[in-house]
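Chain by chain, the residues run as shown.
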Amino acid sequence: MSAVVCLAVQVIMDDIMIQHRPAKPAAEERMAEIILPHQTNGYGTMFGGDVMALMDKAAAIAALRFCRLPVVTASTERIDFRTPIGQGEIVEAFSRVIYVGRSSMVVRVRLFAEHPLIGDRRLCTTGYFSMVAINREGGPSPTVPQLLLLDDEARAEHAVGAEIHAAIAARRNTGRP
C-alpha cells in the first residue's frame, strides 16, 4: 500500500473512532501543597514560574483522569495572577476539563491560597491549559471521550473553552503567536 492510501485509511479509521467515542462528565480534581522557602522570591511570595508549573500539573491530572491517555501541554491561555501567595501558605489547585476537541482538551485551573493557622482562603490565580492526548507514536490521539455537560455551570464553562479552542486554532492557522 502506498503512503497516501495508508494515510487515507488512517483518517477514515480516526473519523469512525471519533464518532463512537464514549461520553462522560469531567470531575473536578484537587491537589494541594505547602509553599516552602525555595519556591519564593525576595519578597517572600511564590515564583510565578512555580505557580504555572503547579497549575500545569493540575491540568495534566484533570486531562489524564478524564481521557486515561498520555497527555502533553499544548499551550497555556489566559493566566491571571490576582494575589500573591506567601511562604508557608497552603496552595490548593482545582482543575477540570471544560472543553474537548478531537484529541485536545481545554482545562480550567483555579489556584487558592490558605493561611494555615487562620484558615482564610482566597483565589490567587486562574488559567486555562490546552492539553493534547497522544498515541504511542507521539502524535495526537483521536480517542478522547466526548464531554457530557450536566448542568448550567458546565455549559457556561464549555462555552469559554470553545472560545479558547477557537482562538488557539486561529493562531495556529495564521502562524501568529
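Note that the structure is a prediction, hence the values are computed from the model and not measured. (Residues numbered from 1 in each chain as written. Predicted model: local features only at pLDDT ≥ 70, side-chain atom pairs only at ≥ 80, totals over all residues. Heavy atoms only, no water.)

**Student:** Summarise the environment of Asn135; cite the residues concerned and give the values.
**Tutor:** You can see Asn135 is positioned in the loop between strand S6 (121–133) and strand S7 (146–147). Distance from Asn135 to Leu69, taken between C-alpha atoms, is 7.8 Å for residues 66 residues apart in sequence. Sequence-distant contacts of Asn135, defined by excluding residues within four places in its chain, comprise Pro140 and Ser141. From its side chain, Asn135 meets the backbone nitrogen of Glu137 in a polar contact 3.0 Å long. (Helix = DSSP H or I, 4+ residues; strand = E, 2+ residues; numbered from the N terminus. Contact = heavy atoms within 4.5 Å. Polar contact = N/O pair within 3.5 Å; in protein donor to acceptor, adjacent residues only side chain to side chain.)

**Student:** With reference to specific residues and values, describe unusual backbone geometry.
**Tutor:** Although it is not a glycine, Arg68 sits at a positive phi angle of roughly 55°. Within the secondary structure layout, Arg68 lies in the loop between helix H2 (48–67) and strand S3 (71–81). What makes Arg68 exposed here is its relative accessible area of 64%. Non-glycine residue Arg78 carries a positive phi angle of around 45°. With respect to the secondary-structure elements, Arg78 resides in strand S3. (Buried < 20%, exposed > 50% of the residue type's maximum accessible area, 1.4 Å probe, protein only.)

**Student:** Let's hear about the packing of aromatic side chains: which residues, and what values?
**Tutor:** Using the criterion set out here, one finds 1 aromatic pair in the structure. Taking 5.5 Å as the distance between ring centres and 85° as the angle between the ring planes, the aromatic pair formed by Phe94 and Phe112 counts as edge-to-face. Here Phe94, found in strand S4 (residues 90–100), pairs with Phe112, found in strand S5 (residues 104–114); they are 18 residues apart in sequence, far enough to count as distant. In terms of burial, Phe94 and Phe112 fall into one category: buried. Between Lys24 and the ring centre of Phe66, over which it is positioned, the NZ or CZ distance is 5.3 Å. (Phe/Tyr/Trp six-rings, centres within 6.5 Å; stacked < 30°, edge-to-face > 60°. Lys NZ or Arg CZ within 6 Å of the ring centre and 35° of its normal.)

**Student:** So what's going on with the side chain of Ser141? Which residues, and what values?
**Tutor:** Topologically, Ser141 is positioned in the loop between S6 and S7. For Ser141, a relative accessible area of 6% corresponds to the buried category. A polar side-chain atom of Ser141 sits 2.9 Å from a polar atom in the side chain of Thr143. Residues in contact with Ser141, not counting those within four places in the same chain, are Leu69, Arg102, Ser103, Ala133, Ile134 and Asn135.

Without other data, these values stay purely geometric and don't point to any function.
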